[in-house]
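These are the residues of each chain, in order.
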Amino acid sequence: MNLSIVLSIQQAQFQAATFKGDLETNLARIASLGYEGAELAIRDPRLVDMRNLETLLRKYNLHVPAIGTGQAWGEEGLSFTDPDPVIRLAAIERIKGHIPLASHFNAVIIIGLIRGIIKPGVNPTQAMEWLVEALRECCDAASPDNIRLALEPINRYETTLINNAAQGLELMEIVGAGNFGLLLDTFHMNIEEAVIENSIMACGKRIFHFHIADSNRLHPGAGHLDFKSILKSLSSTGYTGWVSGEFIPEPDAETAARNNITHLHQVL
């Protein structure tokens, strides 16, 4: 397994984007701590200086395993399930806009909170129909470039749509796209899954990406999760992809990131 950590390359309110701020400074720190990849949280790909980004990634020998898209929801309110069709269309187009960048870096596109919530007055069945329709359209658009999309089950306190692994697997069957899988996150799983290891095993080959944070959303080792057992279960599925840290940067991003990689090296 390769280790990466989340880096927001645009300003964002999301607390668990571990690194924020100056791009080169953060990439240099990430590389110096021993990470092999930087998962990029990008609100709008049109605002990315691709040439500068690629130059810096090469300079620090870092890969981009995945692109996070949730800031489009957090900062702009875009979602697949908004009752306003203009907003739904904008959310779909935003995800499509990530495809060239994902193709260039061979990165997974993450579908997090851009899926939205069931808003007041919206029938849950209708919301699911909008979600499935949007996912199919985005998967179709990504397929020619061999880009995979990974939906992240997110706990009930943040969304009313797809909270656990079983719901994620059911949604995958409905969408029916070979390039559509799951991103599992240990923080959300600690809330929603009866036994994290069992849920990992149930998802098996459908796990396209993996996020780690401890039970309190701090770095692994700061809470009560057994990462040795969790990562052993992940490995037993045949997963050879990235394990990416997405946690609150306390006491600061560099210290949290160092503590994370130290803990993981001890348990791997």
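> It is not clear to me how the overall build of the chain should be interpreted in this structure. Could you clarify?
Within the chain, the regular secondary structure consists of eleven helices and eight strands. The C-alpha atoms of the chain give 17 Å as radius of gyration, which agrees with the globular expectation for 268 residues (18 Å, within 12%). When the backbone C-alpha atoms are referred to their principal axes, the chain occupies close to 45 × 45 × 35 Å. The buried share among the 268 residues of the chain stands at 56%. Expressed as a percentage of contacts within the chain between residues at least 6 apart in sequence, the contacts between residues at least 24 apart total 77%. For the chain, the accessible surface area stands at approximately 11,300 Å², while carbon and sulfur atoms represent 48% of it. Measuring between centres, the 21 positive side-chain charges of the chain sit 3 Å from its 31 negative side-chain charges.

> Any chance you could explain the packing of aromatic side chains here in plain terms?
For any pair of aromatic rings, the description consists of the separation of the ring centres together with the inter-plane angle of the planes. Under the counting rule described, the total for this entry stands at zero aromatic pairs. Against the face of W130 rests R88, its NZ or CZ located 3.9 Å from the ring centre. Cation over ring: R148 sits above F208, and NZ or CZ is 4.3 Å from the ring centre.

> Any chance you could explain the side chain of D214 here in plain terms?
With respect to the element layout, D214 can be found in the loop between β7 (207-212) and α10 (227-236). For the buried D214, no salt bridge exists, and the shortest N-O distance to an oppositely charged side chain is 12 Å, to R217. For D214, the side chain forms a polar contact with the main-chain nitrogen of G221, separated by 2.8 Å. Within polar-contact distance, the side chain of D214 engages the backbone nitrogen of A222 at 3.2 Å. Discounting residues that sit within four places of it in the chain, D214 has contacts with F187, H219, P220, G221, A222, G223, H224, L225 and F227.

Parameters and conventions
Residues numbered from 1 in each chain as written. Predicted model: local features only at pLDDT ≥ 70, side-chain atom pairs only at ≥ 80, totals over all residues. Heavy atoms only, no water. Helix = DSSP H or I, 4+ residues; strand = E, 2+ residues; numbered from the N terminus. Rg over C-alpha atoms; globule rule 2.2 N^0.38 Å. Buried < 20%, exposed > 50% of the residue type's maximum accessible area, 1.4 Å probe, protein only. Contact = heavy atoms within 4.5 Å. Areas by Shrake-Rupley, 256 points an atom, 1.4 Å probe, with all protein chains shown as cover. Lys, Arg positive; Asp, Glu negative; His and termini not counted. Charge placed at Lys NZ, Arg CZ, Asp CG, Glu CD. Phe/Tyr/Trp six-rings, centres within 6.5 Å; stacked < 30°, edge-to-face > 60°. Lys NZ or Arg CZ within 6 Å of the ring centre and 35° of its normal. Salt bridge = Lys/Arg side-chain N within 4 Å of Asp/Glu carboxyl O. Polar contact = N/O pair within 3.5 Å; in protein donor to acceptor, adjacent residues only side chain to side chain.

Interpretation note: all reported values are geometric properties and have no functional meaning in isolation.
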